[in-house]
Amino acid sequence: RLAYSFDSGDSWSIITNDLDQSHYTWLIPNINSDEVMLRLEDYYDPDINTLSEPFSISNPITLLSPDGGENLLSGSNFSIEWITMDEITNVLIDYSPDNGFTWIPVTTTPYPAADGSYLWLVPDIFSTECLVKVKSVTNINSFGISSSPFVISNRAVTVLQPSGGEIWSPGSEQLILWEAFNITT
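J.: Describe the overall build of the protein chain, listing the residues and the values that go with them.
T.: Counting its regular elements, the protein chain contains 0 helices and 17 strands. Radius of gyration (C-alpha) of the protein chain: 22 Å, far over the 16 Å computed for a compact globule of 185 residues. With the principal axes as the frame, the protein chain shows a C-alpha extent of 70 × 45 × 30 Å. Counting all 185 residues of the protein chain, 30% fall into the buried class. Carbon and sulfur atoms form 51% of the exposed surface of the protein chain, whose accessible area is close to 11,700 Å². Between the centroid of the 5 positive side chains of the protein chain and the centroid of its 24 negative side chains there is a distance of 9 Å.

Encoded structure:
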């Protein structure tokens, strides 16, 4: 049996139970970890086993935004952002309204990976289970995906001020600004 761990051996996932040779071609999973290990063990006696030294798996595409928890206003523009390693030259971008069950193209032609962002016209839908995926044109197994779902709706509120980094003193009066769309504040 062959298994891998992405957390230095705290948990294990079976790669295959069928090993009758001295080699195996493994399709590397879409994870990022510096603590990957392999465990090879006898199928009938797991006490007979060996562990690899830790190694790394690094996805060449990392999606930065939307990464989950955002509330996007349908019909507005939103910047999809990512970083890629040098070997990725072009990407395609998809979104899912149903937590990855179906994928709808945002771009239908290859887009330069080095740009690192794409201004997306958010579709006119309502969903609390949206994801974005940026994928390599040449390797379908290389992609970055939202870590958790985000919301697309026709209702939104955004705090404009404070915008972050301000230092306010106790007892002072400060102006708080926001934008509201289809919401009574």
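J.: Before we move on, could you go through the nonpolar core and cite the residues and values that matter?
T.: Ile80, Trp120, Val132 and Val134 are the most contacted members of the largest nonpolar core, which totals 19 residues. Put simply, the parts of the chain that give this core at least two residues each are β6 (61–65), β8 (77–84), β9 (90–96), β13 (127–136) and β15 (150–153). Ile15, Trp26, Val36 and Ile57 belong to the second largest nonpolar core, which has 7 residues in total.

J.: Could you give an account of unusual backbone geometry, with specific residues and numbers?
T.: Following serine 65, the chain continues into proline 66 via a peptide bond in cis, with omega recorded as 0 degrees. With respect to the element layout, proline 66 can be found in the loop between β6 and β7 (71–73). Cis geometry is found at the peptide bond from glutamine 161 to proline 162, where omega equals 15 degrees. Looking at the secondary structure, you find proline 162 in the loop between β16 (156–161) and β17 (177–181).

J.: Break down a nonpolar patch on the surface for me, citing the residues and quoting the values.
T.: A grouping of Val157, Val159, Trp168, Ile176 and Trp178 is seen on the molecular surface, where their side chains present a nonpolar patch of about 510 Å² in accessible area. Relative to the helices and strands, tryptophan 168 is located in the loop between β16 and β17.

J.: Go over the side chain of serine 146, please, and point to the residues and values.
T.: Inspection of the secondary structure assignment puts serine 146 in the loop between β14 (143–145) and β15. Classification of serine 146 as buried rests on a relative accessible area of 4%. Reaching out from serine 146, the side chain makes a polar contact with the backbone oxygen of proline 66 at a distance of 2.8 Å. Among the polar contacts made by the side chain of serine 146, one reaches the main-chain amide nitrogen of valine 132 at a distance of 3.0 Å. Apart from residues no more than four positions distant in its own chain, serine 146 is found in contact with Leu63, Pro66, Asp67, Leu131 and Val132.

J.: I'd love a proper account of the packing of aromatic side chains, names of residues and values included.
T.: Per the stated rule, a full pass over the model turns up 5 aromatic pairs. With a centroid separation of 5.3 Å and 45 degrees between ring planes, the pair formed by tyrosine 4 and tryptophan 26 is classed as tilted. Remark: tryptophan 26 occurs in the loop between β2 (13–16) and β3 (33–41) and tyrosine 4 occurs in strand β1 (residues 2–5); sequence separation between them is 22 residues. Ring centres of tyrosine 43 and tyrosine 44 lie 5.1 Å apart, and the angle between their planes is 90 degrees; this geometry places the pair in the edge-to-face category. Residue tyrosine 44 is classed as exposed on the basis of its relative accessible area of 74%. Ring pairing ties together the aromatic residues Trp82, Tyr111 and Tyr118, which thus form one cluster. Across from the ring centre of tryptophan 12, 4.5 Å away, lies the NZ or CZ of arginine 39, which sits over that ring. Stacked on the ring of tryptophan 103, the Lys or Arg lysine 133 has its end atom at 4.4 Å from the ring centre.

Each value, and the rule that gives it
- Residues numbered from 1 in each chain as written.
- Predicted model: local features only at pLDDT ≥ 70, side-chain atom pairs only at ≥ 80, totals over all residues.
- Heavy atoms only, no water.
- Helix = DSSP H or I, 4+ residues; strand = E, 2+ residues; numbered from the N terminus.
- Rg over C-alpha atoms; globule rule 2.2 N^0.38 Å.
- Buried < 20%, exposed > 50% of the residue type's maximum accessible area, 1.4 Å probe, protein only.
- Areas by Shrake-Rupley, 256 points an atom, 1.4 Å probe, with all protein chains shown as cover.
- Lys, Arg positive; Asp, Glu negative; His and termini not counted.
- Charge placed at Lys NZ, Arg CZ, Asp CG, Glu CD.
- Core = buried A, V, L, I, M, F, W, Y, C linked by side-chain atoms within 4.5 Å.
- Patch = residues over 30% accessible without salt bridge, like charges linked within 9 Å, V, L, I, M, F, W, Y side chains within 5 Å.
- Salt bridge = Lys/Arg side-chain N within 4 Å of Asp/Glu carboxyl O.
- Polar contact = N/O pair within 3.5 Å; in protein donor to acceptor, adjacent residues only side chain to side chain.
- Contact = heavy atoms within 4.5 Å.
- Phe/Tyr/Trp six-rings, centres within 6.5 Å; stacked < 30°, edge-to-face > 60°.
- Lys NZ or Arg CZ within 6 Å of the ring centre and 35° of its normal.

That's the geometry; what it means functionally is another story.
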